[in-house]
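# Structural features, examined
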Amino acid sequence: MKVGVLGARGRVGSEVCRAVERAADLKLVAAIGSADPLDSLALADVVVDFTRPDVVMDNLRWCIGRGLHCVVGTTGFDRARLDSLRDALAEAPDVGVVVAPNFSVGAVLMMRFAAVASPFYESVEIVEMHHPDKADAPSGTSRRTAEMVAAARREAGLDAVPDATSTGLDGARGADVDGIHVHSLRARGLVAHQEVLLGGPGETLTIRHDSMDRASFVPGVLVAVHAVRDRPGLTVGLEHLLDLD
Ligand code: NAP
């Protein structure tokens, strides 16, 4: 399969290029940076995009218009952007696009395990820990985890998480995401880490994921590269490609 990479000299894109070059069944046919023309991408079967939120939509429209399947790690996909992608794909019904906010298999499993465990515990809080250069807090992954945990609790008919705090400093209890408290730590030396702490009478369960290197995104990207041609339309989230059920 022929693969093109947009953002090929970036932190994640360069890892993806190396992995494609190493894979026996993949061939890197285009490695594109911001100054390069897109033309050579037309040789590819699948295009991987790890660029920037402000350029990714133009890239995707270009690719979809040429019938190229896409695997997208670039962040910033809100509902409006996803709708706009669906509209573009409606004009190209054979084309598949996979957008995943987190391509780490471990992070996807951590979210799933947290959702599975949450109906069995009265309490749950999330602590996400990242390097201090990260702009957004809480992280997208912790927000998504909180939403999944909250949905699983609602479905199981659980009450709100108990919390008797009546006085305190602003921020001491973290951010409230869908009724779940999320705490954001920032420290030099950290990369991307998250704990989901569940508590019931006499016990706690901690589910933790640590990402130490951007290489952690590569196996998930390769899963999507191999799957996307058989999934016309839009797929959002790596979990749909991992056969978790
Ligand atoms: P990065 O190191 O800044 O790399 C971005 C690259 O995109 C740069 O090399 C840049 O090239 C290139 N670029 C910018 N505009 C372009 C264009 N129009 N066409 C082609 N290439 C272009 O960033 P990163 O850490 O690799 O992250 C990239 C994106 O992936 C971010 O949105 C990040 O949040 C996201 N991300 C997602 C996941 C996930 O699992 N989904 C994981 C990590 C990161 P120049 O240097 O030439 O400008």
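Residues numbered from 1 in each chain as written. Predicted model: local features only at pLDDT ≥ 70, side-chain atom pairs only at ≥ 80, totals over all residues. Heavy atoms only, no water.

## Overview of the domain arrangement of the protein chain
Taken domain by domain, the protein chain consists of domain 1 (2–99 + 214–241) and domain 2 (105–211). The distance between the C-alpha centroids of domain 1 and domain 2 comes to 30 Å. (Domains from an automatic or database assignment.)

## Details of the site of the ligand
Neighbouring the ligand are 22 residues, the closest being Arg11, Val12, Ser34, Thr75 and Phe103. Here an oxygen atom of the ligand sits 2.9 Å away from a polar atom, N or O, in the main chain of Val12. At a separation of 3.2 Å, a nitrogen atom of the ligand approaches a polar backbone atom of Pro101. Contact with the protein chains covers 75% of the free accessible surface of the ligand, which is 920 Å². (Near = heavy atom within 4 Å. Polar contact = N/O pair within 3.5 Å; in protein donor to acceptor, adjacent residues only side chain to side chain. Areas by Shrake-Rupley, 256 points an atom, 1.4 Å probe, with all protein chains shown as cover.)

## Let's talk about the packing of aromatic side chains
In this structure the tally under the stated criterion is one aromatic pair. Ring plane angle 55° and centroid distance 6.0 Å describe the contact between Phe50 and Phe103, whose orientation is recorded as tilted. Here Phe50 is found in the loop between strand E3 (46–49) and helix H2 (56–65), whereas its partner Phe103 is found in the loop between strand E5 (96–99) and helix H4 (105–117), with 53 residues between them in sequence. Exposure class is identical for Phe50 and Phe103. Each is buried. A cation sits over an aromatic face here: Arg66 above Trp62, 3.9 Å from the ring centre. A cation over a ring is seen here: Arg81 above Phe77, with NZ or CZ 6.0 Å from the ring centre. (Phe/Tyr/Trp six-rings, centres within 6.5 Å; stacked < 30°, edge-to-face > 60°. Helix = DSSP H or I, 4+ residues; strand = E, 2+ residues; numbered from the N terminus. Buried < 20%, exposed > 50% of the residue type's maximum accessible area, 1.4 Å probe, protein only. Lys NZ or Arg CZ within 6 Å of the ring centre and 35° of its normal.)

## Section: the side chain of His209
Turning to its location among the elements, His209 is positioned in strand E10 (residues 203–211). Here Ala107 takes part through its backbone nitrogen, which lies 3.4 Å from a polar atom of the side chain of His209. Not counting the four nearest positions on each side in its chain, His209 is found in contact with Ser104, Gly106, Ala107, Met110, Ala192, His193 and Gln194. (Contact = heavy atoms within 4.5 Å.)

## Comments concerning the pattern of salt bridges
Under the defined criterion, the tally for this structure stands at 15 salt bridges. Through salt bridges with shared partners, a single network forms among Glu125, Asp163 and Arg173. (Salt bridge = Lys/Arg side-chain N within 4 Å of Asp/Glu carboxyl O.)

## Details of the sheet that holds strand E8 (residues 180–186)
Across the sheet, which stays open at both edges, the five strands sit in the order E7-E8-E6-E9-E10 with mixed pairing between neighbours. Each of the sheet's edge strands pairs with one partner strand only, and the pair in question is strand E7 (175–177) and E10. If you compare each strand with its neighbour and ignore which way they point, the axes differ by 25° on average. Pairing analysis gives three bridges linking E7 to E8, with the strands arranged antiparallel. Residue Asp176 lies in a different strand from E8, and its bridge partner there is His181. Here H4 sits on the sheet in contact with strand E9 (192–200) and E10, set at roughly 165° to E10. Contacts between helix H5 (residues 140–156) and the sheet are confined to strand E6 (123–130), E7, E8 and E9, with E6 contributing the most and set at about 170° to the helix. (Pairing = 2+ DSSP bridges. Axes fitted to C-alpha atoms, helices over the stretch in contact; angles between N-to-C directions.)

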